[in-house]
Amino acid sequence: MNPVLSRFPLTRWPLLIAGGSLLIMFGAWGFQYIGHYDPCALCYDQRHIHMAVIALGFASGLALMLKPDFARFTPWILFLMAALLLYSAGFAFWHAGIENDWWDGPASCTASGGASISASDIMAALNGERPVVLCDEAAWRMLGISMAGYNAAISVVMAAVAGWVGLRGLKTS
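What counts as what
- Residues numbered from 1 in each chain as written.
- Predicted model: local features only at pLDDT ≥ 70, side-chain atom pairs only at ≥ 80, totals over all residues.
- Heavy atoms only, no water.
- Helix = DSSP H or I, 4+ residues; strand = E, 2+ residues; numbered from the N terminus.
- Buried < 20%, exposed > 50% of the residue type's maximum accessible area, 1.4 Å probe, protein only.
- Areas by Shrake-Rupley, 256 points an atom, 1.4 Å probe, with all protein chains shown as cover.
- Expected span 1.5 Å × (residues − 1).
- Contact = heavy atoms within 4.5 Å.
- Phe/Tyr/Trp six-rings, centres within 6.5 Å; stacked < 30°, edge-to-face > 60°.
- Axes fitted to C-alpha atoms, helices over the stretch in contact; angles between N-to-C directions.
- Parallel < 35°, antiparallel > 145°, perpendicular 65-115°, else oblique.
- Patch = residues over 30% accessible without salt bridge, like charges linked within 9 Å, V, L, I, M, F, W, Y side chains within 5 Å.
- Salt bridge = Lys/Arg side-chain N within 4 Å of Asp/Glu carboxyl O.

Draft legend 1. Inspection of the overall build of the protein chain at higher detail. Secondary structure summary: the protein chain contains 6 helices and 2 strands in total. Of the regular secondary structure in the protein chain, the N- to C-terminal order runs α-α-α-α-α-β-β-α. By the burial criterion, 35% of the 173 residues in the protein chain qualify as buried. Within the structure as shown, the protein chain displays about 9700 Å² of accessible surface, and the carbon and sulfur contribution to it stands at 68%.

Draft legend 2. Fine view of helix 3 (residues 41-66). Taking 1.5 Å per residue as the helical rise, helix 3 with its 26 residues ought to reach 38 Å, and the 38 Å between its terminal C-alpha atoms agrees with that figure. Within the span of helix 3, buried status applies to Leu42, Gln46, Arg47, Ile49, His50, Val53, Ile54, Gly57, Ser60, Gly61 and Leu64. The secondary structure elements touched by the buried residues of helix 3 are helix 2 (13-33), helix 4 (74-99) and helix 6 (147-172).

Draft legend 3. Representation of the side chain of Thr74. Among the secondary structure elements, Thr74 is positioned in helix 4. Discounting residues that sit within four places of it in the chain, Thr74 has contacts with Leu10, Thr11, Pro14 and Leu64.

Draft legend 4. Up close: the environment of Ala159. Mapped onto the elements, Ala159 comes out in helix 6. Along the backbone, Ala159 and Met81 are 78 residues apart, and their C-alpha atoms lie at a distance of 7.2 Å. If we skip the residues at most four places from it in the chain, Ala159 touches Ala82, Leu85 and Leu86.

Draft legend 5. Representation of helix 4 in the model. For helix 4, which comprises 26 residues, the first-to-last C-alpha distance of 37 Å matches the rise-based estimate of 38 Å (1.5 Å per residue) to within 8%. Where helix 4 terminates, the next one or two residues include Asp101, which has phi positive at roughly 60 degrees.

Draft legend 6. View of the packing of aromatic side chains. Applying the stated criterion across every chain yields a total of 11 aromatic pairs. Seen in terms of ring centroids, Phe91 and Trp94 are 5.4 Å apart; in terms of plane orientation they differ by 65 degrees. Their pairing is edge-to-face. You can see Phe91 and its partner Trp94 sitting in helix 4, 3 residues apart, about one turn around the helix. Overall, the relative accessible area of 14% leaves Phe91 in the buried class. Considering the side-chain rings of Trp102 and Trp103, the 5.8 Å spacing of their centres and the 70 degrees angle between planes classify their relative orientation as edge-to-face. Trp102 sits in the exposed class, given a relative accessible area of 51%. Exposure remark for Trp103: the relative accessible area of 33% places this residue in the partly exposed category. Within the aromatic cluster, the residues linked to one another by ring pairs are Phe31, Tyr37, Trp140 and Tyr150.

Draft legend 7. Just the packing of helix 3 against helix 4, in detail. Running from N to C, helix 3 and helix 4 cross one another at 170 degrees; their axes reach a closest spacing of 10 Å. Our classification of the angle between helix 3 and helix 4 gives roughly antiparallel.

Draft legend 8. How the structure looks around a nonpolar patch on the surface. On the surface, Phe70, Phe73, Trp76, Leu167 and Leu170 cluster together into a nonpolar patch covering about 470 Å² of accessible area. The topology assignment puts Leu167 in helix 6.

Set out below in structure tokens:
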């Protein structure tokens, strides 16, 4: 690993990992509010996982700054963050598979599952109040990979970093 990152204090890594999830959220919000790519139900679920990582990272980072004697818990905090990020990666990969027709998605938000859209949903979409977004249609792709696919890849990398730093923290303590 880069020597600069290996000299980064162990107790600051939860904040750094939370910052990574925050950047993912900024990207998602940018696509939604600037690019007008409305998220589906599974996209919102993926955001909730990153919000949990952000909350855990900032809360534990603040606790570690205020109470330096909690530093012994830092590797375990990083392992928990890695577990959340692995869950995020798995969920995002599942969503990407639904978008690529590798497997069926939930019937509640896919065209093939016969998503039940109520009359109020249709009227809200027609009035421009809220769009009806299906989970099996990728709103955006780059190099053939959807946003869910990129979320899966980035989450795996972040989980690996959090786990690796946590292991290094256990070895040095």
